[in-house]
Amino acid sequence: MTGFATLDDLAFPPFEPGTVWLVGAGPGAPGLLSLLGYHALQQADVIVYDELVADTLLAMAPATTERVYAGKRGGKPSEKQADITLRLIEWATAGRKVLRLKGGDPMMFGRGAEEAMALAAHGIPFRIVPGITTGVGGLAYAGIPVTYRDTNHAVIFLTGHDETGSIPASVDWAAIATAAPVIVMYMAAKHLVSIAEKLIAAGRSRDDSLAVVCHATLPDQYTIDATLGTAGEIVGAIQTPAIVVLGPVGALREHLAWRVGALAENPLG
Ligand SMILES: C[S@@+](CC[C@H](N)C(=O)[O-])C[C@H]1O[C@@H](n2cnc3c(N)ncnc32)[C@H](O)[C@@H]1O
């Protein structure tokens, strides 16, 4: 490895004791972590990490750093959000440097804002370090841009389920079906067929392209092509985590799928 250690000599902002850094880990490939995120990994006393944070990324922290898992594994119920937040507050109050490491970007369907609100309410200083969100960076790894001048001037980011596990009740399907040519869907695998039906009922064409990128940025990434009308035929082939994109940009993959052969093998991404 050349040059990586020189990062430690850069003028990074100090990770003060008693503070919490909410850091986005990116979609999975460890190389997509930001420099500030890397710095935080080196400096933290304790790392509280989510399900989709890669082990290879956690391995970049010193062996002595405490690592606390705060996600969902093997179908077991996840730790309550309130308990996670309470622990962040307790550890920061005790003077520890707390790194809250979340998949993708902490502010995109990641409850980063809820945790930051609680920290603010308790007077805990915090910093937000953005990460590459899957709905942009994960798709780019599959050769799919979220915007393309000839096809769309707007994008919608949609979550496929809310905290109850159901399709969010507040979504105005009639509005979003036609508001933008491209809809990027997080957490949509489970209810994909129902979502497709709702969009079709709201005026979207059955023939609109649907692309599903599974395990985006990871070595076993793969993409499935379908249309809104054939969503039911591909759900069995989807392995989570998966990000779904509806609209004409999916077809650009034919020209832009760059991550093939040896390019897909580097463990950093
Ligand atoms: C709770 S949301 C968190 C999103 C995250 N904050 C972000 O900005 O990417 C989890 C969802 O993100 C998507 N996701 C996360 N990592 C992924 C990956 N490596 N490949 C495909 N989708 C992924 C999936 O839709 C998954 O259900």
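Look above for the structure.
Residues numbered from 1 in each chain as written. Predicted model: local features only at pLDDT ≥ 70, side-chain atom pairs only at ≥ 80, totals over all residues. Heavy atoms only, no water.

A.B. asks: Quick question: what am I supposed to make of the pattern of salt bridges here?
C.D. replies: Between side chains of opposite charge, a pair can form as their charged atoms come close. Taken as a whole and assessed by the stated rule, the structure comprises seven salt bridges. Between Arg100 and Asp50 there is a salt bridge, with its nearest N and O atoms 3.0 Å apart. Of this pair, Arg100 sits in strand S4 (residues 98–102) while Asp50 is found in the loop between strand S2 (46–49) and helix H2 (55–58), placing the two residues 50 residues apart along the sequence. Asp50 carries the same exposure label as Arg100, and that label is buried. A salt bridge links Lys102 to Glu115; the nearest nitrogen and oxygen atoms lie 2.9 Å apart. One end of the pair, Lys102, is in strand S4; the other, Glu115, is in helix H4 (residues 112–121), with 13 residues separating them in the sequence. (Salt bridge = Lys/Arg side-chain N within 4 Å of Asp/Glu carboxyl O. Helix = DSSP H or I, 4+ residues; strand = E, 2+ residues; numbered from the N terminus. Buried < 20%, exposed > 50% of the residue type's maximum accessible area, 1.4 Å probe, protein only.)

A.B. asks: Whenever I open this one, the side chain of Asp50 confuses me. Can you help?
C.D. replies: On the accessibility criterion, Asp50 (17% relative accessible area) is buried. In this structure the side chain of Asp50 is engaged in a polar contact, spanning 3.0 Å, whose partner is the side chain of Arg100. In this view, Asp50 contacts Tyr69, Ala70, Arg100, Leu101 and Lys102; residues no more than four positions away in its chain are not counted. (Polar contact = N/O pair within 3.5 Å; in protein donor to acceptor, adjacent residues only side chain to side chain. Contact = heavy atoms within 4.5 Å.)

A.B. asks: So what exactly am I meant to see when it comes to the sheet that holds strand S1 (residues 20–24) here?
C.D. replies: Sheets are built from strands paired through backbone hydrogen bonds, the pairs being either parallel or antiparallel. Strand order in the open sheet formed by five strands is S3-S2-S4-S1-S5, with parallel pairing between adjacent strands. Edge positions in the sheet fall to strand S3 (66–69) and strand S5 (126–129), since each has one partner strand and no second. Strand-to-strand twist across the sheet, computed as the mean angle between neighbouring axes with direction ignored, equals 20 degrees. Of the strand pairs in this sheet, S1 and S4 are connected by five bridges, and their pairing is parallel. Bridge assignment links Gly24 to a residue of S4, and that residue is Lys102. Its contacts with the sheet place helix H1 (residues 35–43) against S1, S2, S4 and S5, and it is angled at close to 130 degrees to S1. (Pairing = 2+ DSSP bridges. Axes fitted to C-alpha atoms, helices over the stretch in contact; angles between N-to-C directions.)

A.B. asks: Is there a simple way to think about the packing of aromatic side chains in this case?
C.D. replies: Aromatic ring pairs are described here by two measures, namely the spacing of the ring centres and the angle between the planes. This model, assessed by the stated rule, comprises five aromatic pairs. Here Phe109 and Tyr186 contribute two aromatic rings whose centre-to-centre distance is 5.1 Å and whose plane-to-plane angle is 70 degrees, an arrangement assigned as edge-to-face. Within this pair, whereas Phe109 is found in the loop between S4 and H4, its partner Tyr186 is found in strand S7 (residues 182–186), the two being separated by 77 residues in sequence. Residue class for Tyr186 comes out buried when judged on its relative accessible area of 8%. (Phe/Tyr/Trp six-rings, centres within 6.5 Å; stacked < 30°, edge-to-face > 60°.)

A.B. asks: Can you help me understand the site of the ligand in this one?
C.D. replies: With respect to spatial proximity, 17 residues lie near the ligand, and among them Asp105, Met108, Thr133, Thr134 and Ala242 are the closest. One nitrogen or oxygen atom from the main chain of Pro27 is found 2.8 Å from a nitrogen atom belonging to the ligand. Relative to its unbound accessible surface of 570 Å², the ligand loses 87% to contact with the protein. Taken together, the residues that form the shell around the ligand break down as eleven nonpolar, five polar and one charged. (Near = heavy atom within 4 Å. Areas by Shrake-Rupley, 256 points an atom, 1.4 Å probe, with all protein chains shown as cover. Nonpolar A, V, L, I, M, F, W, Y, C, P; charged D, E, K, R; others polar.)

A.B. asks: I tried to follow unusual backbone geometry on my own but got confused; where do I start?
C.D. replies: Most peptide bonds adopt trans geometry, and most residues besides glycine take a negative phi value. A cis amide bond links Thr240 to the next residue, Pro241, at an omega of 5 degrees. Tracing the backbone shows Pro241 in the loop between helix H8 (231–234) and strand S10 (242–246). Within the chain, Arg111 stands out as a residue other than glycine whose phi angle is a positive 60 degrees. Its location among the elements puts Arg111 in the loop between S4 and H4. At Thr217, a residue that is not glycine, the phi angle is positive and equals roughly 75 degrees. One can find Thr217 in the loop between strand S8 (209–214) and strand S9 (222–227). The class for Thr217 is buried, based on a relative accessible area of 2%.

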